[in-house]
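# Structural overview
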Amino acid sequence: GNSVTQMEGPVTLSEEAFLTINCTYTATGYPSLFWYVQYPGEGLQLLLKATKADDKGSNKGFEATYRKETTSFHLEKGSVQVSDSAVYFCALANSGGYQKVTFGTGTKLQVIP
Amino acid sequence: GAVVSQHPSRVICKSGTSVKIECRSLDFQATTMFWYRQFPKKSLMLMATSNEGSKATYEQGVEKDKFLINHASLTLSTLTVTSAHPEDSSFYICSFLERGGSETQYFGPGTRLLVL
C-alpha cells in the first residue's frame, strides 16, 4: 500500500536559517505529492503540490521537487521566519477514484528569533 | 483558498453520551468529503469517505455504527460519535474535495473531543 515517511521533529531553527524537511514515499503508479501546513489551533492548509515527476511545487518561499528516481519530495525554504512555525505534513494521493490521501506523521518546525 | 468550518471547535462530554460535529464548506460545493482522526504527535487517520447522496465508506477498523456520518448536502456533513467513551477522545478533522476534479482537499480547523 501507499506510505509516506518524513523526518521526525521537532526541528528548531533560528530566523533566516535554511530549512529542509525530508519526505520519501512508497506508492503504486504515479501519485500526486503534497505538502500541507498546520498552524497552531488551525486546520491543515495546502502549501504546495506536484503532480508528476520533476515538477516543482512552490508557495510562500517554500519549494519541493517531485523526484521519482529517489521517491522523494523534500521541502525546502531558503530563509525561515518565526511565522513559519507550524507542523508540516507530506502527503500523496493516487489519481482517480475519490482521491484518498496518505499522510506522513508530520514534522513540527519551531523558528526562534 | 476555499474555506471549511467545523463546529464545535472543542467539546467535553460524559461517557455514554453522543456528540455531533458539523462540517461546512463556505464557498464551494463538494460531492466528496472525508473525516479524519488525529492522535497526538501522529498523522491523520482517514476514518471514512462519503459522497453526497450515498452512504459513507468506512476504513477498516472504524465502526460505522459508532461514527455516524451524514453527508446532508453539497456543503454540509456531520459526524456523530455515539455512546462516546474516553478512548474516543481525539482531534477530528473534516475535509472536502472541491467539485470539478481538483485533487485538492480543503480541511476544516478540527474539533477537539474530550470524553470524561
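Let me sum up the structure you'll find in this document. (Residues numbered from 1 in each chain as written. Chains lettered and ligands numbered in written order. Predicted model: local features only at pLDDT ≥ 70, side-chain atom pairs only at ≥ 80, totals over all residues. Heavy atoms only, no water.)

Glancing now at a nonpolar patch on the surface. Together, Ile12(B), Leu114(B) and Leu116(B) line one region of the surface with nonpolar side chains, adding up to about 300 Å² of accessible area. In this structure, Leu116(B) sits in the segment after β11 (111–115). (Patch = residues over 30% accessible without salt bridge, like charges linked within 9 Å, V, L, I, M, F, W, Y side chains within 5 Å. Areas by Shrake-Rupley, 256 points an atom, 1.4 Å probe, with all protein chains shown as cover. Salt bridge = Lys/Arg side-chain N within 4 Å of Asp/Glu carboxyl O. Helix = DSSP H or I, 4+ residues; strand = E, 2+ residues; numbered from the N terminus.)

Here the focus is the environment of Asn22(A). All names here are of chain A. Secondary-structure assignment places asparagine 22 in the loop between β3 (19–21) and β4 (23–26). Between the C-alpha atom of asparagine 22 and that of glycine 78, which follows or precedes it by 56 residues, the distance is 15 Å. Residues within four places of asparagine 22 in sequence aside, it is in contact with Thr5, Gln6, Met7, Trp35 and His74. (Contact = heavy atoms within 4.5 Å.)

For the rest of this paragraph, the subject is the interface of chain A and chain B. Contacts between the two partners involve 20 residues from chain A and, on the opposite side, 20 residues from chain B. Around 1600 Å² of area is buried between chain A and chain B when both sides are counted, 55% of it from carbon and sulfur atoms. In this assembly, chain A and chain B are joined by zero salt bridges. Counting the contacts that link chain A with chain B gives one residue pair in polar contact (both at pLDDT 80 or more). Elements that contribute at least two residues to the side of chain A that touches chain B include exactly β5 (32–38), β6 (44–50) and β11 (101–103) of chain A. Tallying contributions element by element places β5(A) first for the side of chain A that touches chain B, with four residues. Residue composition of the side of chain A that touches chain B, grouped by class: eight nonpolar, nine polar and three charged. (Buried area = accessible area lost by both parts, 1.4 Å probe. Polar contact = N/O pair within 3.5 Å; in protein donor to acceptor, adjacent residues only side chain to side chain. Nonpolar A, V, L, I, M, F, W, Y, C, P; charged D, E, K, R; others polar.)

Looking now at the packing of aromatic side chains. In total, this model carries eleven aromatic pairs over all chains according to the counting rule given. Both rings, one in Phe67(B) and one in Tyr92(B), keep their centres 6.3 Å apart while their planes meet at 40°; by these two values the pair is tilted. Of the two residues, Phe67(B) sits in strand β7 (residues 67–73) while Tyr92(B) sits in strand β9 (residues 90–97), which places them 25 residues apart along the sequence. Classification of Phe67(B) as buried rests on a relative accessible area of 6%. Put simply, the rings of Phe34(A), Tyr36(A), Phe89(A), Phe103(A), Phe34(B), Tyr36(B) and Phe107(B) pair up and form one aromatic cluster. (Phe/Tyr/Trp six-rings, centres within 6.5 Å; stacked < 30°, edge-to-face > 60°. Buried < 20%, exposed > 50% of the residue type's maximum accessible area, 1.4 Å probe, protein only.)

This part covers the pattern of salt bridges. Per the counting criterion, the structure on display carries five salt bridges over all chains. Residue Lys77(A) pairs with Asp84(A) through a salt bridge whose shortest N-O separation is 2.8 Å. Looking at Asp84(A), the relative accessible area reads 6%, which means it is buried. Where Lys66(B) meets Asp88(B), a salt bridge forms, and the shortest distance between an N and an O atom there is 2.9 Å. Within this pair, whereas Lys66(B) is found in the loop between β6 (57–58) and β7, its partner Asp88(B) is found in the loop between β8 (76–81) and β9, the two being separated by 22 residues in sequence. Look at Lys66(B) and you get buried, because its relative accessible area is 11%. Overall, the relative accessible area of 4% leaves Asp88(B) in the buried class.

To continue, consider the sheet that holds strand β8 (residues 62–65) of chain A. All names here are of chain A. The four strands lie next to each other as β3-β9-β8-β7, forming an open sheet whose pairing is antiparallel. The sheet is open, and its two edges are formed by β3 and β7 (56–59), each paired on a single side. Direction aside, the axes of adjacent strands within the sheet are offset by 15° on average. (Pairing = 2+ DSSP bridges. Axes fitted to C-alpha atoms, helices over the stretch in contact; angles between N-to-C directions.)

Residues and elements named next belong to chain B. The antiparallel open sheet is built from four strands, whose spatial order is β1-β3-β8-β7. Single-partner strands in this sheet number two, and they are β1 (4–7) and β7. Taken over all neighbouring pairs, the strand axes of this sheet differ in orientation by 15° on average, direction set aside. For β1 and strand β3 (residues 19–25), the ladder comprises four bridges, and the chain directions are antiparallel.

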